[in-house]
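# Structural description and commentary
Below are the chains, spelled out letter by letter.
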Amino acid sequence: MNKIELVNIAKAYEKGTPVIEHLNLNIKEGSFTVLVGPSGCGKSTILRIIAGLEKETSGDVLIEGKNVSDIAPGDRQIAMVFQNYALYPTMTVRENIEFGLKNIKMPKAERQAKIAEISKLVDLEPYLSRKPHQLSGGQRQRVALARAIVKNPSVFLMDEPLSNLDAKLRSQIRTDLIELYRKLKTTFVYVTHDQVEAMSMATDIILLDKGKIQHRGSPADIYENPSNVFTARFIGSPPMNILSVEAIDLEDRMDKESDLIGKEPISISSIGPHHARYVGFRPEHSRIAKRCPEMNDLSINELFLEGIVQSREMLGDHVLYKVKTKYGEVYVKSFQLNMVDYGACHVVLNPKDLMFFDGNQNRIETDEERCYT
Amino acid sequence: MAKKTLKKIMKLVVNTLIAAIFIMPFYWMFLTSLKTLVEAIKVPPNFWVTVPQWINYATAFKAIPFLSMLKNSIIVATGIMICQFITVIPAAYAFARFQFKGKHLIFGIMLATMMIPPQLIFLPVFLMFSKWGLINSYASLILPFASSAFGIFMLRQTFMQVPEELLEAARLDHASEFKILWRIMLPIARPTVVTLVLFSFITAWNDYFWPFVLTTNNDVRTLPVGIASLFNSSSGVNYQIVMAGNVMLVAPVLIAFFFAQKQIIKGFTYMGEK
């Protein structure tokens, strides 16, 4: 069942190009939907339209099938966590959590029971009488969460709630949020520009760019089956290597001893669909090899790209290489920790890991890949 | 090390000098209020008194209807304060947070009123009030100051610094516009509000011109008018009596400042706070 539906939504600010045009979007009941995209893609605007903090220029917003376009933010059964937490600075933690309940005139005893329950859930019990400026970033974050949870909303909206935290705390709160989601079993709509947050928490990812949906699917789907170059480049760290097939073909014609060859020289266009314009592969789906000795190790179908190691980063569980090839720079993520020296090297690929894209940068599904996924 | 000490000493000297410049008039006023007439007009003057003349205070007290004027001062200053509280806060909130037609024009006109000196408008105001039969009433002293362009301007600045998300969070929390103003905006703007309240109180308390021109008898005249009347004595000016009156006039203001100084400083440095 759809919890939230956006029908033909458009949003334009006075003077200026529209941020969103003809957007149709539905968010499933009980899903953890993450709206992700680069800054300026309209993701926060969508969230704010759902919350009613921003008025859509045209189109309808439906929550539980009911058109809420004329319903005030406070009456939409939603709670929101803001990027800077937006805690009321002059109120204590308790008053912050209580404010929304007082406004709906909940009896005092009930209020207190709720606050006790929530503060236990988010570990805030010792801090109830403190003011927000006396708390750390993580604690403020939890107050913001508590303030949202206590209202018992049917949808949680979160606008980049982790971006003000340091890396360690961020990953901790990420797991906390997943646990919370499983405990509360309500619908979460989460906005972020960070693909790691999207991949780690979402059940459903909506990738946006320039106000348009680029890809929508589960984290596994979006990683394995990106529907266009933008998606392929956005998801994954480092992003997918995308090379222009034309450049390779061109080189190929000029120099028959192409770099992208197996034991026998093969042109990239011979293994990909004929209308492919771009070819991509993930850094973690490639290997790096020093030229001579390992050449014999290549299995029958593997391809290799000649290149020069530009930089290498030892990252603990893997080594990240930046390799300069004739066709552009590519990244290789190697899980073999004995590092390859700077200088000439080969990037080894399996043809089944290659993804092809057409002239409009849209994915061309090949039979092989369908088998693969 | 020596440099640091020198810097400290310099700082102390400069601070002392500045403090002296500001304290001197008050000291002089207090000192003169305890002198005899002969001492008060003596050249060169003495910077201390051997026998303090506390009687001067009693003389000043008796020379004018002190208590009734004190009462008038309190009523007028408090009245102005309350009126401004009621008018300034909603206006500042509206100018800071709402979009409406003619907002900038109205705001501009309002700011322009700060540039008009009271001496320019007292005559039409007097005529208007006399037509309404308001001369010699508290209303005539309170109404012209029932709002404050300066106050609206200052408070608007403070309100504009409050992040928009706070208001949005409050709206999602089911808070009415009044509740947002009362429970969220005002507590945040507290230092500014305290400063404004104090300023308007002091301005009203010290105002001489308006209560003087809008009254014809002592019924609603305030203390500054009374103290000024101490000058008019047949036997020349009794400076020590005038000064005793002045000390009694400024004492409440000084006490108020003393208690509110922390808030006032905060009010002016709020810009830097997050």
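Residues numbered from 1 in each chain as written. Chains lettered and ligands numbered in written order. Predicted model: local features only at pLDDT ≥ 70, side-chain atom pairs only at ≥ 80, totals over all residues. Heavy atoms only, no water.

The name that an unreviewed UniProt entry assigns to chain B is Carbohydrate ABC transporter permease, with the source organism given as Fusibacter paucivorans. Recorded under Subcellular location (unreviewed entry), the UniProt text for chain B is reproduced unchanged: "Cell membrane". (UniProt positions renumbered as here; feature names shortened; annotations may be inferred.)

As recorded in an unreviewed UniProt entry, chain A goes by the name ATP-binding cassette domain-containing protein, listed as coming from Fusibacter paucivorans.

What follows is about the interface of chain B and chain A. Residue-level contacts link 16 residues of chain B with 22 residues of chain A. Summing both partners gives a buried area of about 1800 Å² for chain B against chain A, and 61% of it is carried by carbon and sulfur. A per-residue breakdown of the area chain B buries against chain A is headed by L172, D173 and H174 of chain B, which together make up 39% of the total. Run the count over chain B and chain A and you get two salt bridges. Here E168 of chain B and R48 of chain A are joined by a salt bridge, their closest N and O atoms 2.6 Å apart. Applying the counting rule to chain B against chain A returns ten residue pairs in polar contact (both at pLDDT 80 or more). Contributions of two or more residues to the side of chain B that touches chain A are made by α9 (164-172) and α10 (177-188) of chain B. With seven residues, the single largest contributor to the side of chain B that touches chain A is α9 of chain B. When grouped by side-chain class, the residues that make up the side of chain B that touches chain A number nine nonpolar, one polar and six charged. (Contact = heavy atoms within 4.5 Å. Buried area = accessible area lost by both parts, 1.4 Å probe. Salt bridge = Lys/Arg side-chain N within 4 Å of Asp/Glu carboxyl O. Polar contact = N/O pair within 3.5 Å; in protein donor to acceptor, adjacent residues only side chain to side chain. Helix = DSSP H or I, 4+ residues; strand = E, 2+ residues; numbered from the N terminus. Nonpolar A, V, L, I, M, F, W, Y, C, P; charged D, E, K, R; others polar.)

The next thing to look at is the sheet that holds strand β9 (residues 204-209) of chain A. Two strands in a sheet stick together by hydrogen bonds in their backbones, pointing the same way (parallel) or opposite ways (antiparallel). Residues and elements named next belong to chain A. Read across the open sheet, the six strands follow the order β6-β7-β8-β3-β9-β10; overall the sheet is mixed. With partners counted over all chains shown, the strands left at the sheet margins are β6 (78-81) and β10 (212-217), one partner each. Across the sheet, the mean angle separating the axes of adjacent strands is 15° when strand polarity is ignored. Direction of pairing for strand β3 (residues 32-36) relative to β9: parallel, over a ladder of four bridges. By the bridge assignment, V34 is partnered in β9 with I205. Its contacts with the sheet place helix α1 (residues 43-51) against β3, β6, β7 (155-159), β8 (187-192) and β9, and it is angled at close to 145° to β7. Along the sheet, helix α5 (residues 167-184) makes contact with β3, β7 and β8, crossing β8 at roughly 155°. (Pairing = 2+ DSSP bridges. Axes fitted to C-alpha atoms, helices over the stretch in contact; angles between N-to-C directions.)

Residues and elements named next belong to chain B. By the element assignment, V194 lies in helix α11 (residues 190-206). Under the relative-accessibility criterion, V194 is labelled partly exposed at 23%. A sequence separation of 126 residues divides V194 from S68, and the C-alpha atoms of the two residues are 27 Å apart. In contact with V194, other than residues within four places in its own chain, are A260 and Q263. (Buried < 20%, exposed > 50% of the residue type's maximum accessible area, 1.4 Å probe, protein only.)

Further remarks concern the UniProt feature "domain: ABC transporter" (unreviewed entry) in chain A. Sites flagged by UniProt as "domain: ABC transporter" (unreviewed entry) map to residues 4-235 of chain A. Overall, residues 4-235 of chain A shows 36% helix and 25% strand. The separation of its end C-alpha atoms is 25 Å.

Time to look at the domain arrangement of chain A. All names here are of chain A. In terms of domains, chain A is made up of domain 1 (2-234) and domain 2 (241-364). Each partner contributes to the interface: domain 1 provides ten residues, whereas domain 2 provides nine residues. Summing both partners gives a buried area of about 860 Å² for domain 1 against domain 2, and 50% of it is carried by carbon and sulfur. Among the residues domain 1 hides against domain 2, the three largest losses belong to Y223, P226 and V229. Together they make up 54% of the total. On inspection of domain 1 and its partner domain 2, the count reaches zero salt bridges. (Domains from an automatic or database assignment.)

Attention shifts here to the side chain of T231 of chain A. Residues and elements named next belong to chain A. By the secondary structure assignment, T231 is in helix α8 (residues 229-234). Overall, T231 belongs to the buried group, its relative accessible area being 0%. Leave out the neighbours within four places in its chain, and T231 touches L207, Q214, H215, I222 and P226.

All names here are of chain B. Residues annotated by UniProt as "transmembrane region" (unreviewed entry) correspond here to residues 12-30, 74-93, 105-129, 135-155, 180-205 and 239-260. Helix and strand shares over residues 105-129 are 80% and 0% respectively, and the end C-alpha atoms of the span are 28 Å apart. Helix and strand shares over residues 180-205 are 96% and 0% respectively, and the end C-alpha atoms of the span are 32 Å apart.

Along the chain, K4 of chain B turns up in helix α1 (residues 2-33). As a C-alpha pair, K4 of chain B and A77 of chain B span 73 residues in sequence and 48 Å in three-dimensional space.

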